Amino acid sequence: MAKETKRAILIIVLANFIICLGWGLIIPVEPFIKIEYHLTAGQMGFMTSLYAFAQFVFSPIVGKVSDKYGRAPILTTGLLLYMVAELLFAVAGTVLWFNISRIIGGISAAMVGTASMAMAADLSSDKDRAKVIGWISAALSGGLIIGPGIGGVLANISYKTPFWFAGISGLIAAIVFMVGLPQHLKAQSHGDLVDGISITEKGFKSIMSKAIIILFAMILISSFGLAGFESIYTLYVNQVFHFTLNEIALVLILNGIFSLILQVVLFDRMVNMFSEIGLTRICFAIGTLSTVWILVAHTQIEVIIATLFIFCSFDILRPSITTMLTRFGKNNQGLINGVNMSLTSIGNIIGPIFAGGLMDINPHIPYIIVAVILGISALITFIVNHEMKINQNIKTN
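This one's a predicted model, so the numbers in the text were calculated from it and none came from an experiment.

1. Some details on the overall build of the chain
What the chain contains, in helices and strands, is 14 helices and 2 strands. Here the chain holds 397 residues, and the buried ones make up 57% of them. Look at the contacts in the chain between residues 6 or more apart in sequence, and 85% of them connect residues 24 or more apart. Total accessible area on the chain is roughly 16,200 Å²; 70% of this is exposed by carbon and sulfur atoms.

This is the structure in structure tokens:
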């Protein structure tokens, strides 16, 4: 990997770290925002769903635009919108403005997530791609290592203070990206053009196959389970196992440490050992069993251990799927990553609503459904693997 390319990727990684640091700041205070503003779990879930809905609508659009015009303008705008969303949440005092903040946040997530993954895929070789995506995923985990701890401390000043800090982190990330990334690499990162027209404008035919259709279906189905688990986790452990703010922060910090090690040191090796689809199957299986463990747990220690297994499996699952997708449609990384984020967002729209609503009835019902969904997703990986082998044999012959 060339020196300038490596520098550019490190800047992308740093930008993602700063953004995820802001996300990590917010996570521990969610149940206490709920209490302070007298919100229900359903309202909190709806707030998350608005974020996901905006991400769903904008991900394919910004992916297509970035293929034609480049990733850099999209990524820069997304970072600045993230700042706006967090600062708006900090000054908001009603559900309406909380919801508007989440919509803006969803648009920023579509821009940052789609453009950064596509740019990393553009600038890295096939050999280095799993490693690079592992670095970006590790940056996300790194934010979760530091973020919750800082968020817990800042929340002692005010439950809104972490949102002010997150907004400032978004501005810093935008400045680092704009100033630090070499100009010619910004121009280099986009889909190929044919007669001045982006390849993605020819439609999905160039990338669609039975294998990728089933893979997209798996992403869609699994996203319900992932979103359903994550969206109510802090609420669940606070309500059922009486976790405090500091205990929630501790769990997330421990998870961040383990995930960072897995993604930076071991992810590339695990992909080489099990393949992307094999690693995806293992992660789904671990997530299924660990969710069941939480349901039957009796102590906080059991919950903490099971949570570490679940979150670590999720943190490996996402880059594994992303790495797999980069093998399809070399010149359409923006479109593919946009579709991936859009499908994930569908689950993020419905998952928090059903999880929050069912939790108001019985806190255990959502996790029973999550375990079933993750189990089904593990089975679908066998079908995906079969279709990928068929495609490979066709290309070989």
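2. Let's talk about a nonpolar patch on the surface
On the surface, a cluster of nonpolar side chains totalling about 640 Å² of accessible area is made up of Met-273, Phe-274, Ile-282, Ile-286, Ile-301, Ile-305 and Phe-309. For the nonpolar patch, the elements supplying multiple residues, two or more each, are helix H10 (245–274), helix H11 (276–296) and helix H12 (300–325). If you trace the backbone, Met-273 turns up in helix H10.

3. With respect to the side chain of Ser-320
Counting through the fold element by element, Ser-320 comes out in helix H12. Look past the residues within four positions of Ser-320 in its chain and what remains in contact with it is Phe-267, Glu-276, Leu-279 and Thr-280.

4. Observations concerning unusual backbone geometry
Trans is the prevailing form of peptide bonds, just as negative phi is the prevailing case for residues other than glycine. Phi at His-38 is positive, roughly 55 degrees, even though this residue is not glycine. Inspection of the secondary structure puts His-38 in the loop between helix H2 (30–36) and helix H3 (41–69). A positive phi angle, close to 75 degrees, is found at Ser-275, a residue other than glycine. Locating Ser-275 in the fold gives a position in the loop between H10 and H11.

5. Considering the packing of H3 against helix H4 (residues 71–91)
It is the contact of H3 with H4, at a shortest axis distance of 11 Å, that shows an interaxial angle of 165 degrees. One way to sum up the angle between H3 and H4 is to call them roughly antiparallel. Handedness of the crossing formed by H3 with H4: right-handed. Contacts from Met-47, Val-62, Gly-63, Val-65, Ser-66 and Asp-67 in H3 reach Arg-71, Ile-74 and Phe-89 in H4.

6. Focus on the packing of helix H1 (residues 3–26) against helix H7 (residues 161–180)
It is at 8 Å that the axes of H1 and H7 come closest, and there the two elements cross at 175 degrees. Judged on the interaxial angle alone, H7 and H1 are roughly antiparallel. Residues Arg-7, Ile-11, Leu-14, Ala-15, Ile-18, Ile-19, Leu-21, Gly-22, Leu-25 and Ile-26 of H1 form the contact with H7, whose participating residues are Pro-162, Phe-163, Phe-165, Ala-166, Ser-169, Gly-170, Ile-172, Ala-173, Val-176, Phe-177 and Gly-180.

7. Quick look at helix H5 (residues 95–123)
Relative to the 42 Å expected for 29 residues at 1.5 Å per residue, H5 spans 41 Å between its end C-alpha atoms, a close match to the ideal helical length. Burial runs high along H5: 23 of the 29 residues are buried.

8. Here we look at the packing of aromatic side chains
Counted under the stated rule, the structure contains 11 aromatic pairs. Considering the side-chain rings of Tyr-233 and Phe-311, the 5.2 Å spacing of their centres and the 75 degrees angle between planes classify their relative orientation as edge-to-face. Of this pair, Tyr-233 sits in helix H9 (residues 210–240) while Phe-311 sits in helix H12, placing them 78 residues apart in sequence. Accessibility classification places Tyr-233 together with Phe-311 in one group, the buried group. Members of the aromatic cluster, joined through ring pairs, are Phe-229, Tyr-233, Tyr-236, Phe-241, Phe-311, Phe-314 and Tyr-367. Against the face of Phe-382 rests Arg-281, its NZ or CZ located 4.0 Å from the ring centre.

9. Digging into the environment of Trp-164
Here Trp-164 lies in helix H7. With relative accessibility at 41%, the residue Trp-164 sits in the partly exposed group. Counting along the chain gives 81 residues from Trp-164 to Met-83, while the straight-line C-alpha distance between them is 8.9 Å.

10. Thoughts on the state of the cysteines
Summed over all chains, the structure comprises 0 disulfides. Cys-312 provides the cysteine sulfur closest to Cys-283, a residue in no disulfide bond, and the two sulfurs are 9.7 Å apart.

11. Section: the pattern of salt bridges
The tally for this structure, following the rule as stated, stands at 2 salt bridges. For Glu-86, the salt bridge is made with Arg-102, and the minimal N-O distance between the two is 3.2 Å. Linking Glu-86 in helix H4 with Arg-102 in helix H5, this pair joins segments that are 16 residues apart in sequence. For the salt bridge of Arg-318 with Glu-230, the shortest nitrogen-to-oxygen distance reads 2.9 Å. Taken together, the residues Arg-318 in helix H12 and Glu-230 in helix H9 connect sequence positions 88 residues apart. Among the residues examined, Arg-318 registers a relative accessible area of 33% and is labelled partly exposed. Among the residues examined, Glu-230 registers a relative accessible area of 32% and is labelled partly exposed.

Rules used in this analysis
Residues numbered from 1 in each chain as written. Predicted model: local features only at pLDDT ≥ 70, side-chain atom pairs only at ≥ 80, totals over all residues. Heavy atoms only, no water. Helix = DSSP H or I, 4+ residues; strand = E, 2+ residues; numbered from the N terminus. Buried < 20%, exposed > 50% of the residue type's maximum accessible area, 1.4 Å probe, protein only. Contact = heavy atoms within 4.5 Å. Areas by Shrake-Rupley, 256 points an atom, 1.4 Å probe, with all protein chains shown as cover. Patch = residues over 30% accessible without salt bridge, like charges linked within 9 Å, V, L, I, M, F, W, Y side chains within 5 Å. Salt bridge = Lys/Arg side-chain N within 4 Å of Asp/Glu carboxyl O. Axes fitted to C-alpha atoms, helices over the stretch in contact; angles between N-to-C directions. Parallel < 35°, antiparallel > 145°, perpendicular 65-115°, else oblique. Left-handed = near helix turned anticlockwise from the far one by under 90°. Expected span 1.5 Å × (residues − 1). Phe/Tyr/Trp six-rings, centres within 6.5 Å; stacked < 30°, edge-to-face > 60°. Lys NZ or Arg CZ within 6 Å of the ring centre and 35° of its normal. Disulfide = S-S within 2.5 Å.

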